[in-house]
Amino acid sequence: MILARNVALYEFLPQLKVLQCVDGFVTHAGIGSIMEASWFGVPTVCIPLMGDQFDTAKKVVELGTGRAIFSNEEITVENLRNGIIDILENPEYHENLRMIQKGMLESSGPANAAKAAVDWFENRK
């Protein structure tokens, strides 16, 4: 269903195909979604709902690959709009994602990719 010129609503879309052609991604911050977005270099606005999603969203913010809205009180149209505009317009998110992508591509497996991302984060301080 098309809601506006640049907004559509679907019951289901194949996430990996969508991530290959979008500039930003609003997500619940599940680790799979974050890893997939990182692989494709897509910055995120995280809205964690439960459990480890909060930790994953905090790491996204720490790594500089996206923003997060952590509480129900913060989930407003204005905060969501500002988060989306920020991830689309701020080149730092894309630069940080390029470094993470590079580590993922150069590593041999997910454990090494995770270590490369953590090493990069710790060495940039």
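Everything that follows concerns the structure shown earlier in this document.
Conventions used here
- Residues numbered from 1 in each chain as written.
- Predicted model: local features only at pLDDT ≥ 70, side-chain atom pairs only at ≥ 80, totals over all residues.
- Heavy atoms only, no water.
- Helix = DSSP H or I, 4+ residues; strand = E, 2+ residues; numbered from the N terminus.
- Rg over C-alpha atoms; globule rule 2.2 N^0.38 Å.
- Contact = heavy atoms within 4.5 Å.
- Areas by Shrake-Rupley, 256 points an atom, 1.4 Å probe, with all protein chains shown as cover.
- Lys, Arg positive; Asp, Glu negative; His and termini not counted.
- Charge placed at Lys NZ, Arg CZ, Asp CG, Glu CD.
- Buried < 20%, exposed > 50% of the residue type's maximum accessible area, 1.4 Å probe, protein only.
- Polar contact = N/O pair within 3.5 Å; in protein donor to acceptor, adjacent residues only side chain to side chain.

Q: Can you walk me through the overall build of the protein chain in this structure?
A: Across its full length, the protein chain carries 6 helices and 5 strands. Its C-alpha radius of gyration of 15 Å places the protein chain within 12% of the 14 Å reference for a compact globule of 125 residues. Within the protein chain, contacts between residues at least 6 apart in sequence are counted, and of these 41% link residues at least 24 apart. Accessible surface for the protein chain amounts to roughly 8,200 Å². Of this, 57% is attributable to carbon and sulfur atoms. For the protein chain, the separation between the mean place of its 11 positive charges and that of its 16 negative charges on side chains is 4 Å.

Q: What should I look at first to understand the side chain of Asn96 in this one?
A: With respect to the element layout, Asn96 can be found in helix H5 (residues 91-106). Judged by its relative accessible area of 12%, Asn96 falls in the buried class. Polar side-chain contacts of Asn96 include one of 3.5 Å to the backbone oxygen of Leu63. Beyond its immediate chain neighbours, meaning those up to four positions away, Asn96 contacts Leu63, Gly64, Thr65, Trp120 and Arg124.

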